[in-house]
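Secondary and tertiary structure notes
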Amino acid sequence: MHQIRAILIGFALLLAVPGMAQQVAVIKFPELQKRLSQPTDTTYIVNFWATWCAPCVKELPNFEQVRTAYATQKVKVLLVSLDYASQLDKKVKPFVKQRGLKSEVVVLNESDPNSWLEQVDAKWSGSIPFTLIINNKTKKRATFERKLTRAELTTALQKFL
Amino acid sequence: MKKLLPFPLLCFVLLLSSFIVRPESNGYQVGDKAADFKLKNIDGKMVSLADNKAAKGYIVVFTCNTCPYAKAYESRIIALNAKYAPQGFPVVAINPNDPAVAPGDSFEAMKTKKYAFPYLLDESQQVAKAYGATRTPHLYVLKRQGNDFVVSYIGAIDDNSEDATLVKTKYVENAMTEIMAGKPASTSSTKAIGCTIKWKRA
């Protein structure tokens, strides 16, 4: 039995190593809210997406590119997946790995959007992709309930820097 | 220079600004009268709200074939019709997606559905725009007042898209109970995640 267990653990560790490249945390809304309300001068680009959302998937490279282009500035990209938390291992992690996403990815594990959507933005009707750009120091925020081109994203971000 | 604007001018400016901050594209709010439409059903016939003289109202739902959330809610939309059509509030499903963007939502693809209620194509997307629908599924309860249909609930079906057995609050059913009792829905507007309507490329 011990042997089998050791082999299983070893196997699990082997599998875990490539996964280290990008952790995907599963969080509840209060945790997301806490992160977005910190008194920091970093500008957050928060994109709400899902692996099943075609326009979201098309738009993701723009966030990755912006993250690289602004790597030396106080800009942080946070990709909030609205995939069901039950799909973490089946859908989200393989997707993140396959696309080589380097921006931080979290899965928001909330079943009732009506309980939190409004707290992200009163105007958000619930369609995705949805992007929030926020800077708590300057108290600036911008929201987009649509797919953004790279140029649109850059223009929007420039106003924060 | 410091003189305040004369009052009538101020009123006029406020009036103007109210148009600016509330563009038409916001769509219906609860309490608004819904304009009738004429859309093609998957059986080829044109359907309008006015056609069904016996309807006390409608459950209008913008939905489609392809969105995972629409798929997750399909059986629950069928159940809504089964429950409320006999009580005078049948479901009318409308697909607003541009098939050029979402080929799986073409009229041909829609015809694979065999619903007991109309499944209409909003080819010009004007109905979705008039309602202010942004996603699929996006649901509106209309209640008849004479020849008008008044928007009485807008939003989500329930609070758990993934698993119907874990639903705690059936938003639309709660609203329906009140609306059918002649009362305004105490929760008349809810929000839900859904797939963006695939608008025609400009």
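Residues numbered from 1 in each chain as written. Chains lettered and ligands numbered in written order. Predicted model: local features only at pLDDT ≥ 70, side-chain atom pairs only at ≥ 80, totals over all residues. Heavy atoms only, no water.

Quoted interface sizes are often the accessible area lost when the parts come together. Each side of the interface is counted separately: chain B has 17 residues, and chain A has 22 residues. Across the chain B/chain A interface, buried area totals approximately 1,700 Å², and carbon plus sulfur atoms make up 52% of it. Considering only the side of chain B, the residues that lose the most area to chain A are B:Glu162, B:Lys191 and B:Ile193, jointly responsible for 41% of the buried surface there. For the interface between chain B and chain A, the tally reads one salt bridge. A salt bridge links B:Lys191 to A:Glu118, with the nearest nitrogen and oxygen atoms 3.4 Å apart. There are 14 residue pairs in polar contact (both at pLDDT 80 or more) connecting chain B and chain A. Only helix H2 (68-84) and strand S10 (194-196) of chain B provide two or more residues apiece to the side of chain B that touches chain A. (Contact = heavy atoms within 4.5 Å. Buried area = accessible area lost by both parts, 1.4 Å probe. Salt bridge = Lys/Arg side-chain N within 4 Å of Asp/Glu carboxyl O. Polar contact = N/O pair within 3.5 Å; in protein donor to acceptor, adjacent residues only side chain to side chain. Helix = DSSP H or I, 4+ residues; strand = E, 2+ residues; numbered from the N terminus.)

A sheet is described by the order of its strands in space; here three strands give the open sequence S5(A)-S10(B)-S7(B), paired in mixed fashion. Looking at strand neighbours, the two that pair on one side only are strand S5 (127-128) of chain A together with strand S7 (135-136) of chain B, the edges of this open sheet. (Pairing = 2+ DSSP bridges.)

Take the pairing of strand S4 (residues 104-108) of chain A next. All names here are of chain A. Summarising burial for S4: four of the five residues are buried, a large majority. For strand S1 (residues 24-27) and S4, the ladder comprises four bridges, and the chain directions are parallel. The residue bridging Val26 from the neighbouring strand is Val107, located in S4. Pairing geometry for strand S3 (residues 75-81) and S4, over four bridges, is parallel. The residue bridging Ser81 from the neighbouring strand is Val107, located in S4. (Buried < 20%, exposed > 50% of the residue type's maximum accessible area, 1.4 Å probe, protein only.)

Residue and element names in this part refer to chain A. All chains considered together, the criterion is met by 13 salt bridges over all chains. Between Glu104 and Arg35 there is a salt bridge, with its nearest N and O atoms 2.7 Å apart. Highlighted residues: Glu104 in strand S4 and Arg35 in helix H2 (residues 29-36), separated in sequence by 69 residues. Among the residues examined, Glu104 registers a relative accessible area of 23% and is labelled partly exposed.

What follows concerns H2(A). Residue and element names in this part refer to chain A. Looking at H2, one finds that the buried residues are Phe29, Leu32 and Leu36. Projected down its long axis, H2 shows its buried positions confined to an angular sector of 60 degrees, all on one face. Opposite the buried face of H2, at more than 90 degrees from it, the exposed residues are Pro30 and Lys34. In this structure, the buried side of H2 is in contact with S1, strand S2 (43-49), S3, S4, helix H5 (117-120) and strand S6 (130-135). (Arc of directions from axis to C-beta.)

For the rest of this paragraph, the subject is the packing of aromatic side chains. One pass over the structure, following the stated rule, counts 16 aromatic pairs over all chains. Ring geometry for B:Tyr58 and B:Phe149: centres 5.3 Å apart, planes at 55 degrees, overall tilted. Taken together, the residues B:Tyr58 in strand S4 (residues 57-62) and B:Phe149 in strand S9 (residues 148-155) connect sequence positions 91 residues apart. Put simply, the rings of A:Phe29, A:Phe48, A:Trp116, A:Trp124 and A:Phe130 pair up and form one aromatic cluster. For the cation-ring pair, A:Lys140 lies above A:Phe160, with the distance from its terminal atom to the ring centre recorded as 5.3 Å. For the cation-ring pair, B:Lys40 lies above B:Phe107, with the distance from its terminal atom to the ring centre recorded as 4.7 Å. (Phe/Tyr/Trp six-rings, centres within 6.5 Å; stacked < 30°, edge-to-face > 60°. Lys NZ or Arg CZ within 6 Å of the ring centre and 35° of its normal.)

With that settled, consider the side chain of A:Asn47. All names here are of chain A. Counting through the fold element by element, Asn47 comes out in strand S2. For Asn47, a relative accessible area of 0% gives the class buried. Side chain to side chain, Asn47 and Thr131 meet in a polar contact 3.1 Å long. Apart from the residues within four sequence positions on either side, Asn47 is in contact with Glu59, Leu60, Phe63, Leu78, Leu79, Val80, Pro129, Phe130 and Thr131.

Moving on, we come to the state of the cysteines. Residues and elements named next belong to chain A. Tallied over the full model, the rule gives two disulfides over all chains. One disulfide bridge connects Cys53 with Cys56, the sulfur atoms lying 2.1 Å from each other. One disulfide, between Cys53 and Cys56, carries an S-S torsion of 75 degrees and so falls in the right-handed class. Take Cys53: its relative accessible area is 2%, and that puts it in the buried class. We classify Cys56 as buried; its relative accessible area is 0%. (Disulfide = S-S within 2.5 Å.)

Time to look at unusual backbone geometry. Here the amide bond leading from A:Ile128 into A:Pro129 is cis, since omega sits at 5 degrees, within 30 degrees of zero. On the secondary structure map, A:Pro129 appears in the loop between S5 and S6. The phi angle at A:Lys139 is positive, at roughly 60 degrees, despite the residue not being glycine. With respect to the helices and strands, A:Lys139 occurs in the loop between S6 and strand S7 (140-144). We note that B:Gln125 has phi near 65 degrees; this positive angle belongs to a residue other than glycine. Examined against the element boundaries, B:Gln125 turns out to sit in the loop between strand S6 (119-121) and helix H4 (126-131).

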